[in-house]
Amino acid sequence: MNGMSNGFDDFYAIIPAGGTGTRLWPLSREGKPKFLFDLLGQGRTLIQTTFDRLAAICGIDHVCISTGERHVAAIREQLPEVSAEHIFAEPTPRDSTAAIALATAVLMRRHGDDIIVGSFAADHVIRGKLAFIEAVRQAVQTARAGYVTTIGIAASRPSTAFGYIHEGESLAAQIEDAPDATLVERFVEKPNAVTAQAYLSTGEYRWNAGMFVMRASVLMDHLHKEKPRLARAIDAIADAIVDDDRAYAAAVDAARARGENARETVHREDFDEHRDAAMAKHWPSMEKIAFDYAVAEPLSVEGGVAMIPGDFGWDDIGDFNSVAALLPSVDERNNKVLGSVDDVSMLDSAGDVIVPEGGRTIALLGVNDMVVVDTDDALLIAPRARSQEVKSIVKHLAESGYEELL
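What counts and how
Residues numbered from 1 in each chain as written. Predicted model: local features only at pLDDT ≥ 70, side-chain atom pairs only at ≥ 80, totals over all residues. Heavy atoms only, no water. Domains from an automatic or database assignment. Buried area = accessible area lost by both parts, 1.4 Å probe. Salt bridge = Lys/Arg side-chain N within 4 Å of Asp/Glu carboxyl O. Polar contact = N/O pair within 3.5 Å; in protein donor to acceptor, adjacent residues only side chain to side chain. Helix = DSSP H or I, 4+ residues; strand = E, 2+ residues; numbered from the N terminus. Buried < 20%, exposed > 50% of the residue type's maximum accessible area, 1.4 Å probe, protein only. Contact = heavy atoms within 4.5 Å. Pairing = 2+ DSSP bridges. Axes fitted to C-alpha atoms, helices over the stretch in contact; angles between N-to-C directions. Parallel < 35°, antiparallel > 145°, perpendicular 65-115°, else oblique. Left-handed = near helix turned anticlockwise from the far one by under 90°. Nonpolar A, V, L, I, M, F, W, Y, C, P; charged D, E, K, R; others polar.

The next point concerns the domain arrangement of the protein. The accessible area lost on association of the parts is a frequent measure of interface size. Under the domain assignment, the protein is made up of domain 1 (11-218 + 289-318) and domain 2 (326-405). Taking only C-alpha atoms, the centre of domain 1 and the centre of domain 2 are 29 Å apart. Around 1,400 Å² of area is buried between domain 1 and domain 2 when both sides are counted, 68% of it from carbon and sulfur atoms. Of all residues in domain 1, Arg 23, Trp 25 and Arg 29 give up the largest surface area on contact with domain 2, accounting jointly for 48% of the area buried on that side. The interface formed by domain 1 and domain 2 holds one salt bridge in total. Linking Asp 377 and Arg 29 is a salt bridge whose minimum nitrogen-to-oxygen distance equals 2.7 Å. Counting across the domain 1 and domain 2 interface gives five residue pairs in polar contact (both at pLDDT 80 or more).

For the structure shown, the criterion picks out 21 salt bridges. Among the salt bridges present, the one from Asp 245 reaches Arg 268, with a minimum N-O distance of 2.9 Å. With Asp 245 in helix 7 (residues 228-257) and Arg 268 in the loop between helix 8 (262-265) and helix 9 (273-282), this residue pair connects regions lying 23 residues apart in the sequence. No difference in accessibility class separates Asp 245 from Arg 268, as the two residues are buried.

With that settled, consider the side chain of Arg 29. Along the chain, Arg 29 falls in the loop between strand 1 (11-17) and helix 1 (46-58). A polar contact of 2.7 Å, which involves the side chain of Arg 29, links it to the side chain of Asp 377. Not counting residues within four places of it along the chain, the set of residues in contact with Arg 29 comprises Thr 20, Thr 375, Asp 377, Ala 378, Leu 405 and Leu 406.

With that settled, consider the sheet that holds strand 17 (residues 379-383). The four strands are arranged 12-14-16-17 in an open sheet whose pairing can be described as mixed. Two strands lie at the open edges of the sheet, namely strand 12 (336-337) and strand 17, each paired on one side alone. Relative to strand 14 (residues 353-356), strand 12 is paired through two bridges, and the arrangement is parallel. Following the sheet pairing, Val 337 is matched in strand 14 by Ile 354.

Contact geometry of helix 3 (residues 95-111) with helix 7 gives a least axis separation of 9 Å together with a crossing angle of 45°. Here helix 3 lies oblique to helix 7, going by the angle between them. Helix 3 and helix 7 meet at a crossing whose hand is right-handed. Listed contacts from helix 7 to Thr 97, Ala 98, Ala 101, Leu 102, Ala 105, Val 106, Arg 109 and Arg 110 of helix 3 are Leu 230, Ile 234, Asp 235, Ile 237, Ala 238, Asp 239, Ile 241, Val 242 and Asp 245. Grouping the constituent residues of the contact of helix 3 with helix 7 by class yields 11 nonpolar, one polar and five charged.

Right under this line is the structure:
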């Protein structure tokens, strides 16, 4: 599918694949984050399913990935259909604004200022394909009208793990073919339990899943106005990448003129001279700021952010409790196993989450509501109720000199 005749011909999807997933340690590590794992036992990793979902909407050639240099090889192995020019590698993490802006700036230079770009995290689980496609379709329509558009998830419980979006008045009369579009009144940080319950009771708040769709020029114009130093650095790197594009294209033409098979003799990843120099100059001092803080929140105050309700199943798999909620029970005692059930033996144990990745048998006797994650070099044992706190033990290990385990 090439995505060029289904209403998404000007739409390009960006998959930011960053973070380490510290709440899923020791399974997820700095060198192999959670998006590279099949956390649902479905035969496809999180980044593979994210790519599949977006490629089905806009076509393989309209999906690109922003990630750390250390993850490029693994992503290329898992997604061989993604060409080298569609992977934007970062030397060091600089948060979501820089990642999204760089991909956007390069795509603008390749395809024009008026393209629509959308950012969708690599490690989210979405159920309800048709509802997701419809939400993205309306978001693209709303972005064409000039809004930075987010997709808000129906809050099924008063969660303290997510930020919230306060929806405002309808925009249906102003935006053709986006009947569910509303203004965003404001974005709010992760609340405490009492505040989360209050949000839920109003019916006016949705979870912020970090999905954003916008015209490329709207994003870059905003950054040039509000974050000019960051925007100028992004422009310089994007210009360098496009210079490398031209060098690669010239080499392909020369190879074909010699009668060679250019696919076999010329590789895009060998043409990064300008990009490498620009990265070395600009990336280390790039401001590290989340997209919500740099773009979404300030624009919402100006009435420049819209929301489309996402009425599909969604989870960011933020911890082992989230994993458990998405896995089937292996017995009548509601135990969940991510991996081979043959490597787990349980007696008088209930409500546990077990990840047997260490190549040995895990035997549980009288163990209830615990997380047990066994890998070849680290073992985590924690109460399920404290799943969100696993990042604290990671911090403790870092401070105690166990960097090799992170």
